[in-house]
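Spelled out from the first residue to the last, the chains are:
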Amino acid sequence: MGPLRYAVNVTLDGCCDHRAIVPDEEMHRHHVGNLERADALLFGRVTYEMMEAAWRPPVPTDSGPDWTRPFARTIDAAKKYVVSRTLEHVDWNAELVRGDLARAVVQLKQNSDRGILVGGVQLAAALTELGLIDEYEFMVHPAVAGHGPTVFAGLSRPVDLKLVSRSELGSGAMVMRYEPRR
């Protein structure tokens, strides 16, 4: 059974709005590595639609620096699962996940060797409530947004985590990986 990993970019004040950080080549390389060590991606509707709009080919040639291309190719090729009650269909190498979330995610984990990578905010909070996330990775950027959204707002109980690793990027962003204490 593969682990369920959650990775998110946040500012120092906890904002996880992608527009609140300044992306760079090293950040993109790091996230390519995360994608490559997962069998599939698990998104909620909002994150799926945002990622599809930004990265689904054809990506306009003037859409960003050349160093974004490896990320674009890797996320395009990745198997994706989308949790949504409102979408009728998905494509872009994706399948809808319906019904009991816990049961569906446990089945995805059981059918995975390398693991599943989760993105988004609401889905991650729901999976945290269910105790299904095996690893949390926070890339904390040296910025203060002054607004939300924030990760895990409204959790019903605290989650005790232990630090597994940490590293610093050239931008000053800190990458910290945690596992739940069980």
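Below: a short report on this structure.

Parameters and conventions
- Residues numbered from 1 in each chain as written.
- Predicted model: local features only at pLDDT ≥ 70, side-chain atom pairs only at ≥ 80, totals over all residues.
- Heavy atoms only, no water.
- Helix = DSSP H or I, 4+ residues; strand = E, 2+ residues; numbered from the N terminus.
- Rg over C-alpha atoms; globule rule 2.2 N^0.38 Å.
- Buried < 20%, exposed > 50% of the residue type's maximum accessible area, 1.4 Å probe, protein only.
- Contact = heavy atoms within 4.5 Å.
- Pairing = 2+ DSSP bridges.
- Arc of directions from axis to C-beta.
- Polar contact = N/O pair within 3.5 Å; in protein donor to acceptor, adjacent residues only side chain to side chain.
- Axes fitted to C-alpha atoms, helices over the stretch in contact; angles between N-to-C directions.

## Some remarks on the overall build of the protein
Counting secondary structure elements, the protein contains five helices and eight strands. Its C-alpha atoms give the protein a radius of gyration of 16 Å, within 12% of the compact-globule value 16 Å for 182 residues. Projected onto its principal axes, the C-alpha positions of the protein cover 40 × 35 × 30 Å. Residues classed as buried in the protein amount to 43% of the 182 residues present. Restricting the contact set of the protein to residue pairs at least 6 apart, pairs at least 24 apart contribute 72%.

## A short note on the pairing of strand S7 (residues 161-168)
Both S7 and strand S8 (residues 174-180) contribute to a ladder of seven bridges, which runs antiparallel. Across the sheet, the residue bridging to Ser-167 is Val-175, located in S8. Here S7 hands over to S8 after five residues, with Gly-172 in that stretch at a positive phi of 100°.

## Focus on helix H4 (residues 101-110)
Buried within H4 we find Leu-101, Ala-104, Val-105, Leu-108 and Lys-109. Buried residues of H4, viewed axially, fall in a sector of 135°; they line one side. Buried residues along H4 sit in contact with strand S1 (4-11), strand S2 (40-44), strand S3 (80-83), strand S4 (94-97), strand S5 (116-118) and helix H5 (122-129). A distance of 3.3 Å separates the backbone nitrogen of Ala-102 from a side-chain oxygen at the start of H4, and that oxygen is part of Asp-100.

## Description of the sheet that holds S2
Spatial strand order, S4-S3-S2-S5-S1-S6-S8-S7: eight strands in an open sheet with mixed pairing. At either margin of the open sheet sits one strand with a lone partner, and together these are S4 and S7. With direction set aside, neighbouring strand axes in the sheet form an average angle of 25°. Here S2 runs beside S3; their pairing, made up of four bridges, is parallel. Opposite Leu-41, over in S3, you have Lys-80 as the bridge partner. Of the strands in this sheet, S2, S3 and S4 touch helix H2 (residues 45-55), which is tilted by about 115° from S2.

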